[in-house]
Amino acid sequence: MERTFVMIKPDGVERGLVGEIISRIENKGLKLIQLKLIFASPDILENHYMEHRNKPFFKDLVDSMKDKPVLAMVVEGENSIKLMRIMVGDKDPLCALPGTIRGDYAIETTKNLIHASDSRESAVREITIWFGDIL
Ligand code: CDP
Ligand code: MG
């Protein structure tokens, strides 16, 4: 059974969208197997967003999320990685389709509510960063 890492970012927690987003995941038929609300440290965020470390938005991204509550989850189900990416929608809310989480609730790329792993390799890496060696 495939597992993926999903995080509701600080803007999603702050806007009270945790229940709505979790409902969508459960209604889809995917299963929550780990879930925790934690204050994201700069270290964990820098590690999580490692692939973007040389991008111009990297510092602002980490700064805007650090020391704020995020909801970290492990989601399980057949094709959960691809399914969650489809449900999340494009990172740019101008491109995110209605019916996706970002398409329905976000208007800014910097506050696009949610993260989901983009590959099996990322999922394993990110689950380990946020939850340790639970696989
Ligand atoms: O989150 P996703 O995998 O869809 O997109 P990404 O390209 O891996 O970018 C990671 C995150 O960086 C995005 O979700 C945005 O929050 C942020 N970002 C940004 O603030 N400005 C950009 N130009 C691109 C990404
Ligand atoms: Mg990404």
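Preceding block: the structure.
Residues numbered from 1 in each chain as written. Chains lettered and ligands numbered in written order. Predicted model: local features only at pLDDT ≥ 70, side-chain atom pairs only at ≥ 80, totals over all residues. Heavy atoms only, no water.

Novice: Requested: an account of the packing of aromatic side chains, with residues and values cited.
Specialist: With the rule as written, the count across this model stands at two aromatic pairs. Aromatic side chains F5 and W130 sit 5.5 Å apart centroid to centroid with 15° between the ring planes, which places their arrangement in the stacked category. Highlighted residues: F5 in strand β1 (residues 3–8) and W130 in helix α7 (residues 120–131), separated in sequence by 125 residues. For the pair F5 and W130, one class covers both residues: buried. (Phe/Tyr/Trp six-rings, centres within 6.5 Å; stacked < 30°, edge-to-face > 60°. Helix = DSSP H or I, 4+ residues; strand = E, 2+ residues; numbered from the N terminus. Buried < 20%, exposed > 50% of the residue type's maximum accessible area, 1.4 Å probe, protein only.)

Novice: Lay out the site of ligand 1 with the relevant residues and their values.
Specialist: All residues in the neighbourhood of ligand 1 are listed as K9, Y49, H52, F57, L61, R85, K91, R102, T109, T110 and N112. Separating an oxygen atom of ligand 1 from a side-chain N or O atom of R85 is a distance of 2.9 Å. Contacts to ligand 1 include N112, whose side-chain N or O atom sits 2.9 Å from an oxygen atom. Relative to its free-state accessible area of 500 Å², ligand 1 is covered by the protein chains to the extent of 82%. The cavity where ligand 1 resides is the largest pocket. Residue classes in the shell around ligand 1 are distributed as three nonpolar, four polar and four charged. (Near = heavy atom within 4 Å. Polar contact = N/O pair within 3.5 Å; in protein donor to acceptor, adjacent residues only side chain to side chain. Areas by Shrake-Rupley, 256 points an atom, 1.4 Å probe, with all protein chains shown as cover. 1 Å grid on protein atoms, 1.4 Å probe; cavity = no way out; pocket = protein on both sides within 12 Å on 5 of 7 lines; lining within 4 Å. Sits in = over half its atoms within 2 Å of the grid points. Nonpolar A, V, L, I, M, F, W, Y, C, P; charged D, E, K, R; others polar.)

Novice: Describe the layout of surface pockets, and please don't skip the residues or the numbers.
Specialist: For the largest pocket, the calculated volume is near 790 Å³. Counting residues per element, the lining of the largest pocket draws most heavily on helix α4 (residues 58–65), at four residues. Residues that form the lining of the largest pocket fall into these classes: eight nonpolar, nine polar and 13 charged. (Points joined across faces, edges and corners; volume = space filled by probe spheres on them.)

Novice: An account of the nonpolar core is needed here, citing residue identities and associated values.
Specialist: Counting residues in each nonpolar core, the largest one holds 19 residues, and the members touching the most others are V6, I21, I25, M73, V75, M84 and I114. Put simply, the parts of the chain that give this core at least two residues each are β1, α2 (18–28), β3 (69–76), α5 (80–88) and β4 (114–116). Grouped together as the second largest cluster of nonpolar side chains are 17 residues, F58, V62, M65 and I129 included. (Core = buried A, V, L, I, M, F, W, Y, C linked by side-chain atoms within 4.5 Å.)

Novice: If you had to explain the sheet that holds β3 to someone new, which residues and values would you point to?
Specialist: By way of backbone hydrogen bonds, the strands of a sheet pair with one another, either parallel or antiparallel. The strand order across the open sheet formed by four strands is β2-β3-β1-β4, and the pairing between neighbours is antiparallel. Looking at the sheet topology across the chains shown, the edges are occupied by β2 (31–39) and β4. Within this sheet the neighbouring strands show an average axis-to-axis angle of 15°, counted without direction. Two elements, β1 and β3, share six bridges in a ladder whose sense is antiparallel. Pairing of I8 across the sheet is with L71, part of β3. With respect to the sheet, α7 is in contact with β1, β2, β3 and β4, its orientation differing from that of β1 by roughly 55°. (Pairing = 2+ DSSP bridges. Axes fitted to C-alpha atoms, helices over the stretch in contact; angles between N-to-C directions. Contact = heavy atoms within 4.5 Å.)

Novice: Go over the environment of I134, please, and point to the residues and values.
Specialist: In this structure, I134 sits in the segment after α7. I134 sits in the partly exposed class, given a relative accessible area of 30%. Distance from I134 to V124, taken between C-alpha atoms, is 9.8 Å for residues 10 residues apart in sequence. Not counting residues within four places of it along the chain, the set of residues in contact with I134 comprises R3, Q34, V74 and I127.

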